Structure formats: C-alpha cells, structure tokens
Amino acid sequence: MATCSNMMMVIILTVICSRVIWQVNGCSGRDSRCGRDGPPIRFPFRLKDSKTEHGCSYTGFDLTCSDTHKTLIELPLHSGPLILQVIRIDYAGHYLTASDPENCNPGQFLKLFQSQTSPFQLDENPNYTYNFTFLHCSSLSCPVHVVKSSNTLLDSGVDPILCTKTLDITSSPVYPPIYQQDNLYLAWSQPNCFKCEIQGKMCKLKINGTEDETECFDRHHKPTKKIILYVTVPFVGLILMTLILTTCLRVYNYFKMKGEDETRIEKFLEEYRALNPARFSYADIKRVTNNFREKLGEGAHGAVFKGKLSNEIFVAVKMLNNTEGDGKEFINEVKAMGKVHHINVVRLLGFCADGCYRALVYNFFSNGSLQNFITRPDDKDRFLGWEKLHQIAIGIAKGIEYLHMSCDQQILHFDINPHNVLLDDKLLPKITDFGLAKLCSKDQSAVSVTAARGTLGYIAPEVFSRNFGNVSYKADIYSYGMLLLEMVGGRKNISQLSEENSQVLYPEWIHNLFEGKDMQVKIEGVENDIILKKLAIVGLWCIQWHAINRPSIKVVLRMLEALEDEDLVVPPNPISSNTFEVAKIPTKYLTLELESIHE
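What you see as residue numbers is a count from 1 along each chain, following the sequence as written. Predicted model: local features are reported for residues with pLDDT of at least 70 only, side-chain atom pairs are reported and counted for 80 or more only, and whole-chain, interface and lining totals are derived from all residues. Remark: hydrogens and water are excluded; side-chain values derive from all non-hydrogen atoms of the structure.

Turning our attention to the overall build of the chain. Going along the chain from the N terminus, every DSSP run of H or I of four or more residues is numbered as a helix, and every run of E of two or more is numbered as a strand. Broken down by element type, the chain carries 13 helices and 24 strands. Accessibility here uses a 1.4 Å probe with only protein chains present; expressed as a share of the type maximum, an area under 20% marks a residue as buried, one over 50% as exposed, and anything in between as partly exposed. Scored against the burial criterion, the 599 residues of the chain give a buried share of 46%.

What follows covers the packing of aromatic side chains. Note on aromatic contacts: the rings of Phe and Tyr and the six-membered ring of Trp form a pair at centre separations within 6.5 Å, being stacked when their planes are under 30 degrees apart, edge-to-face when over 60 apart, and tilted otherwise. Going through the model one piece at a time under the given rule, you end up with 20 aromatic pairs. Between F61 and F120, the aromatic rings sit 4.9 Å apart at their centres with planes inclined by 50°, giving tilted as the arrangement. In this pair, F61 is assigned in the loop between β1 (46–47) and β2 (62–65) and F120 in the loop between α2 (105–113) and β6 (121–122), connecting sequence segments 59 residues apart. Here F61 matches F120 in class, with each residue buried. Note on Y282 and Y357: the rings are 3.6 Å apart at their centroids and 10° apart in plane angle, and the pair reads as stacked. Placement of the pair is Y282 in helix α6 (residues 282–288) and Y357 in strand β18 (residues 357–363), with a sequence separation of 75 residues. Taking relative accessible area as the criterion, Y357 reaches 35% and is therefore assigned partly exposed. Following the ring pairs from residue to residue traces out a cluster consisting of F45, Y58, F61, Y91, F120 and W188.

Next up on the list: the sheet that holds strand β4 (residues 82–90). The 7 strands lie next to each other as β1-β2-β3-β4-β5-β10-β6, forming an open sheet whose pairing is mixed. What marks the edges here is a single partner per strand, and that holds for β1 and β6. In terms of strand pairing, β6 meets strand β10 (residues 184–187) through 2 bridges, oriented antiparallel. Paired with L122 across the bridge in β10 is L186. Paired strands are those between which DSSP finds at least two bridges.

A word on the pairing of strand β7 (residues 130–137). Burial analysis of β7 places 6 of its 8 residues in the buried class, the great majority of the element. Looking at chain direction, β7 and strand β9 (residues 163–172) are connected through 7 bridges and run antiparallel. Opposite L135, over in β9, you have K165 as the bridge partner. Where β7 lies against strand β8 (residues 144–148), 5 bridges are found, and the strand directions are antiparallel. The residue bridging H136 from the neighbouring strand is V144, located in β8. Here β7 hands over to β8 after 6 residues, the two strands then running antiparallel side by side.

Turning our attention to the nonpolar core. Nonpolar side chains in soluble globular proteins tend to end up buried together. Among buried residues, the Ala, Val, Leu, Ile, Met, Phe, Trp, Tyr and Cys ones that are joined through side-chain atoms within 4.5 Å form a nonpolar core. Membership of the largest hydrophobic core comes to 57 residues, with the highest contact counts inside it found for L360, L370, I396, F434, Y480, M487 and L560. Taken together, the elements giving at least two residues each to this core come down to α7 (328–337), β17 (348–354), β18, α8 (386–406), β20 (421–423), α10 (474–489), α12 (526–542) and α13 (553–560). Per-element accounting of this core gives the leading share, 10 residues, to α8.

The criterion for a disulfide is a pair of cysteine sulfur atoms lying within 2.5 Å. By the definition in use, this model includes 5 disulfides. Here C104 engages in a disulfide with C142; their sulfurs sit 2.0 Å apart. Looking down the S-S bond of the C104 and C142 bridge, the torsion is 65°, so its handedness is right-handed. Of this pair, C104 sits in the loop between β5 (95–99) and α2 while C142 sits in the loop between β7 and β8, and the two are 38 residues apart along the sequence. Assessed through its relative accessible area of 13%, C104 is described here as buried.

A few words on the packing of α8 against α13. Lines fitted to C-alpha atoms define the axes, with helix axes restricted to the stretch in contact, and inter-axis angles between N-to-C directions lie between 0 and 180 degrees. Packing of α8 against α13 leaves a shortest axis separation of 9 Å and a crossing angle of 155°. For the element pair α8 / α13, the angle class is roughly antiparallel. For α8 against α13, the interelement crossing comes out left-handed. Of α13, the residues touching α8 (which contributes H390, A393, I394, A397, K398, I400, E401, H404 and M405) are I553, K554, L557 and L560. Gly falls in the polar group here, along with every residue not listed as nonpolar (Ala, Val, Leu, Ile, Met, Phe, Trp, Tyr, Cys, Pro) or charged (Asp, Glu, Lys, Arg). Across the contact of α8 with α13, the residue classes tally to 8 nonpolar, 2 polar and 3 charged. Our angle categories are set so that under 35 degrees counts as roughly parallel, over 145 as roughly antiparallel, 65 to 115 as roughly perpendicular, and the remainder as oblique. Take the far helix as the reference: if the near one is turned anticlockwise from it by less than a right angle, the crossing is left-handed, and if turned clockwise, right-handed. By definition in these notes, contact holds between two residues if any of their heavy atoms fall within 4.5 Å.

See below:
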C-alpha cells in the first residue's frame, strides 16, 4: 500500500512538473508538446490555461491537449466553435496541418471556407485554381463529400441517389480535401516570425511595440527567478525519489502506450464494422505481431506471422518481400480484396504501406490451409471424410463463382491451389492470396496476360502457350480441377525433388486415375462412392486442355450439387490423342455457361 502511495505521489509530481514545463515555455526558450509525438508548441501558440509572460502568447492561438495526448485547436466561427486536431506546425511557412478528430475533413473544410472570423485562412495556391463541388450524402459517416466538378459521382465512389449537390466552387485558389483522408492546411499572416525562425531563434511580441510587431531572442536565454522557482521545487522532490520515479515512468509509458493501442483498436473496430480495410503503420504491425514473434509460414511472396488485435480478434499478417519492385502484387491484392465480402473468400482487414514496408492483414484461421488435409483416407488423424471434402469443394466453387460473377468487376485469381484455401474453425473454406489476381470487365471473354502466372502444377495450358487458346476465367477452372483431383487422389500434385528442382506429376497421375491404378481410396457406403465419383468426374471436366471444353464455375456447382439419380458424363481423357476435339458438355448444363470463349 505504501508503495502504491509513493507511486501515486511520483505520478502527481510528474504531472506537476509537466505542467510547470508547459508554464515556462514560450519566452523561456523551450518548446512544449502534447505527448512525445505531438508538434512543438511555441509562440504564437500556447497551451490554454498555462501561465505565460507578457508578449509570449497571441490571441486566437490557444491549443489544448486531449486525454489521448492529441494537440487540439478551437477556432471561433459564426456557426459555433470548430475543434481540429493539429498534426504539424510549420513556423517558418506560417501554416499548420490539421484534421477533423471525427474524420470528416470535408465538413470542416466547408465551415472554414464560408467563415471569415477565424485568425487562420485555408492555404491558397496562387499559381493554380480548383473547381470542386460539395455534396451532402446522408448515407456516409461523414455526410459532407467533396468531388472535382469534372468527375462524375460514380467515379468518386459515391451513390448519386443518396447524395445532393449543395455548393459549386469554381476557379478557387484553395485546394479542397477531395478525399476524406486529406488534411486541412491553415495559414496565418500575423504575427510574422519568419526572420526569427530562419535564424534558429525564438519569437515574441515586442515590448512597447505595435500590436503585431515581434522581436527575436535566443532559445536558451536565462529564465526569470519566478520560472526558476517553479522548476526547482518539484525537481527537488523528484531527485529524492529517483528509483521510484524510474518505475513510475515505466508504468506511465506502459499505460500511455496501452491507451494509444486501445484508441487505435477502437478506430479499427469501427472501420471493421463499416467493412473497410484499415491502414496500419509499420509500428502498428510490429505491435500487433509482438515484434514478429510467431511465424506461421513462408511462401514465394513473403512470410506470414500471427498477430493479435484484441483478446477476441487474432490475425495473420503477411509481410511482402517485393518491396524493391513496383508493388503490383500488393496493389492487386488490396484492390481486389478491399471490397470483397463473401463467406468463402478471406476478408482483408487492413494493410500497411509505410515506406519500404508492405503488409496485408487477414483473419487468422487455426486450421491452416487445405494442403494440411490433402491425404489418403487411411490417415485417420487428418482425413476429413468424403462428405466434409464434398462440402469444402462446393464452398471453394461458390467463392470462385462470387469472384467471377458477383463482384463489380470480374476477378480472376490465377493461383487456386490447396495452399491458398484456408479452413476456419468450422472447416469452411476461404480463398486467399490475391497477389496474382487480375480485374477485368464482366463482358470480357479473354484477358491479356504477358507472362505465365500461378503455381507450378495448377497453371492452365493456355497461360503457358496461346496455342491452347486465349486466357480467360477458365484458367481458374483448370486450377480448381487440379485441386479436386488432389482431394480425390489424396496426394500432392507437385513433388519437390530439391530446392532447385521440382517435378509436376499430374500427366502420369491423371492417366493412372483413368486406368484405376492410383486412386487407392477406401469407399464405405454407396453415398461415399457417389461423392468420390462426382469429385473425380467434375475435376476431369475442369482440366480439359482446351478452355472451351471446360465448364464455367456455375456448371461446376450444378454438377457438384447434382442429385444422386442424375448421371454425370465422364469427359475425354485430357492426355489422349483426341484432345484437340471439342468435348460436349451435357446439354442440361449449357444454359449455365458464361459467354463463350472465341479461340
């Protein structure tokens, strides 16, 4: 109890000392801050309610510190006081960078644009003019939205039905925050401390000068006796309790960081509920992964680490290793996954693009990938059973159907394989890893691919050679077919011979499947026999050499969900001499095909 009392005393003394340091800033030659990362505060600004000498503060430039150590400024407007968070202060350039704590910069921009009572003005560009339009969108968390007048509402990503135009601005030198994350830039003209700042000196109002006249003084001049008294008394007490102070500072820093983490997590959870991926800094990623302590695995694009956002939310953080490239894979994955929400597609929770560091944050699934369960039925520890494998196959197909047909743009994955299918705690499959994905129009029957992409053993023939036809959504169908045959055969499609050499096994393997030499699976009951036959036949349809012979994912789903009494036709052998003939998909499935591929 005594220790707690001493710790409380030190914390109180620390707060008093901090208040005193704030009080002696300005004309004392020292800056103050709100927290370690806040902007330096000096003349003409000052912390509200702090004691300053005459000439060391300026009317209308009062700042306050929030409970979370954010620097805030309150601007008097006709419509009422406007509170903004100050991110940066450029004393030489006479402007400050601010943002709305409620994340509605366009709304505050409109208030400032229409107000003349604030000592600050929106920063202007004398060499350029801007045209922009204010919209009121009741459906957005920030109802005020700004777009360039030359843009359409659809280009801005806003539903035009839910928005109304409120104001058109033309030929203005003021740059508006076109997007919600843009900051506000506020400038001031008086008092002018430019000369002092470039000389590395402090600035204050000149004694007996005019109202706005300033003078310079050295940063480390001798403080007054009153200031010495304010500083000395608390520090004498602190020196006597040095050991306890060290402990208290650690406790203070711990709770400070914990408070900042909780604030950040609260903000993330709000964005999580709004179905928007959050942006993390590299420091956030290190904190979430506990300095990358637990590594889950490593692939061609980077290592994956386990992370923790809260006691309820665990995540998988993929650190990308192509930081020296142009970042196409990173942009592809964020662009493809940012607005994709489906039960069979993994959810992108957030991303990091901080300097040379790039990372993607996904939900964590303790069961890992489907590759862990590709095994023969006699492996009782890992074999899931034919019914469960059937449901997993249907789930993966539904995820592919969503990507091909239900998104705003058709998303071609180009890397469907067991490693890129994760299983949640209920064994629901989730398609992941969109680094090689390509977005294209839904009415586009063929896409341009400059080089082979995908995982060896799952790449469609047309991706290797255009002799097999154009590249289209059927490339994903081929990869899915190989995945189904792996599930049936209980073996991997690619054998790693060494670190430098590997061998694709599917030609020999498929031939053996046709001859009945390599299945070696145990069938118990008629129902399991039907499932096994169904998975094998659908898989063989999907791996036809020519894309035109493969069914669309809608047809695949229809065949997988077919009733017991519906006959499934065995397709031609893909490696026989007749592979260049067009195979005939059963007529009852033809109405479910997407647009034909023109060879």
